[in-house]
Amino acid sequence: MASTNSTSEKENPLHLSWHDSAWIPVLNPSNVMDYFSERSNPFYDRTCNNELVKMQRAGPERLNQLTGLEYMLLHVQEPILYVIRKQHRHSPSHVTPLADYYILAGTVYQAPDLGSVLNARMQTATHNIQSAFDEAISFSKYHPSKGYWWEFKDREQEAEKTKKKKKKEELSSFFQRQRVDVLLGELARKFPPKVVQAKPGEKPVTLENKEAEQNQDSVKEEKTEESQSSQIGRASCRERV
């Protein structure tokens with residue numbers, strides 16, 4: 001389906017765009033003029049000589065023999081950019097350009113003319129100059145006994161307030177101001193890893209595992225001592241008997 005981004009017929013053509021989703025995947029230099037001549041395209045004038053040549057089933061070179069409005073493919077940059085020119089032909093060797101249209105990724109736009117570009121730049125510059133004058137007038141003060149003078153106290157106070165607010169907002173915690181690697185280094189120094197240096201060729205043993213092994217060895221020693229003491233007690237009882 002074709003679509004046109006417009007709100008009214010009298011809208012500035014520089015603010016319009018048009019595209020047909022069905023054509024975009026197959027768009028190429030051989031059919032781009034057929035795509036541009038779609039009925040729903042607001043940039044295409046159906047009274048042009050291109051329509052006459054199409055009805056006569058003649059080639060594009062036939063346009064050079066006619067006079068009047070016509071469209072021609074001016075520039076191609078496959079696969080994304082095509083430029084089409086609208087011009088008035090007076091003779092086979094004399095034409096007057098009227099407008100340029102560019103098809104970018106399947107969407108048709110009208111290229112702005114030099115007058116529109118200069119007008120937009122001048123409006124932007126005028127707006128910025130007017131804003132500067134308005135700001136300058138806000139600093140101007142007048143009194144019948146003193147006359148005119150410049151007063152920037154209010155603005156300076158506002159600037160100081162904004163600076164103070166920014167400083168308050170910029171305050172951060174100690175953790176945010178310090179690098180993470182520094183904190184990790186301090187933690188490693190305060191709480192060193194519990195690892196016992198192993199002998200060459202052996203896997204490192206953690207201190208917890210070593211303590212568990214030591215506890216098991218002590219339990220075994222206690223059991224052997226108890227068994228030995230019990231045996232000694234039995235032997236002494238037998239001797240007394």
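Preceding this section is the structure that the text describes.
Conventions and cut-offs
- Residues numbered from 1 in each chain as written.
- Predicted model: local features only at pLDDT ≥ 70, side-chain atom pairs only at ≥ 80, totals over all residues.
- Heavy atoms only, no water.
- Helix = DSSP H or I, 4+ residues; strand = E, 2+ residues; numbered from the N terminus.
- Buried < 20%, exposed > 50% of the residue type's maximum accessible area, 1.4 Å probe, protein only.
- Contact = heavy atoms within 4.5 Å.
- Areas by Shrake-Rupley, 256 points an atom, 1.4 Å probe, with all protein chains shown as cover.
- Patch = residues over 30% accessible without salt bridge, like charges linked within 9 Å, V, L, I, M, F, W, Y side chains within 5 Å.
- Salt bridge = Lys/Arg side-chain N within 4 Å of Asp/Glu carboxyl O.
- Polar contact = N/O pair within 3.5 Å; in protein donor to acceptor, adjacent residues only side chain to side chain.
- Core = buried A, V, L, I, M, F, W, Y, C linked by side-chain atoms within 4.5 Å.

Description of the overall build of the protein chain
So, step 1. Broken down by element type, the protein chain carries seven helices and ten strands.
So, step 2. When burial is assessed residue by residue, the protein chain has 17% of its 241 residues classed as buried.
So, step 3. Long-range pairs, those at least 24 residues apart, make up 28% of the contacts in the protein chain with a sequence separation of at least 6.
So, step 4. Summed over all atoms, the accessible surface of the protein chain reaches about 19300 Å², with 54% contributed by carbon and sulfur.

Section: a nonpolar patch on the surface
So, step 1. Together, Leu184, Leu187 and Phe191 line one region of the surface with nonpolar side chains, adding up to about 350 Å² of accessible area.
So, step 2. Positionally, Phe191 belongs in the loop between α6 (180–190) and β9 (195–196).
So, step 3. For Phe191, a relative accessible area of 61% translates into the label exposed.

Digging into unusual backbone geometry
So, step 1. Backbone torsion omega between Glu78 and Pro79 reads 0°, so that peptide bond is classified as cis.
So, step 2. Inspection of the secondary structure puts Pro79 in the loop between β3 (68–77) and β4 (81–91).
So, step 3. Positive phi, normally seen in glycine, also occurs at Arg57, with a value near 55°.
So, step 4. One can find Arg57 in the loop between α2 (49–56) and β3.
So, step 5. For Arg57, a relative accessible area of 79% gives the class exposed.

Quick word on the pattern of salt bridges
So, step 1. Taken as a whole and judged by the stated rule, the model has four salt bridges.
So, step 2. Across the salt bridge formed by Arg85 and Asp100, the nearest N and O atoms sit 2.9 Å from each other. Taken together, the residues Arg85 in strand β4 and Asp100 in strand β5 (residues 94–104) connect sequence positions 15 residues apart.
So, step 3. Looking at Asp100, the relative accessible area reads 25%, which means it is partly exposed.
So, step 4. Via salt bridges that share partners, Arg46, Glu51 and Lys54 belong to a single interconnected network.

Comments concerning the side chain of Asn50
So, step 1. Tracing the chain through its elements places Asn50 in helix α2.
So, step 2. Taking relative accessible area as the criterion, Asn50 reaches 14% and is therefore assigned buried.
So, step 3. Within the local environment of Asn50, its side chain forms a polar contact with the backbone nitrogen of Tyr71, the two atoms lying 2.8 Å apart.
So, step 4. Once residues within four sequence positions are removed from consideration, Asn50 is found in contact with Met33, Tyr44, Leu63, Glu70 and Tyr71.

Side note on the nonpolar core
So, step 1. Among the nonpolar cores identified, the biggest contains 17 residues, and Phe36, Phe43, Tyr71, Tyr101, Ile103 and Val108 are the most heavily contacted of them.
So, step 2. Elements with a contribution of two residues or more to this core: α1 (32–36), β3, β4 and β5.
So, step 3. Residues contacting Phe43, with those up to four places away along its chain left out, are Pro13, Leu16, Ser17, Trp18, Phe36, Tyr71, Tyr101, Val108, Tyr109 and Gln110.

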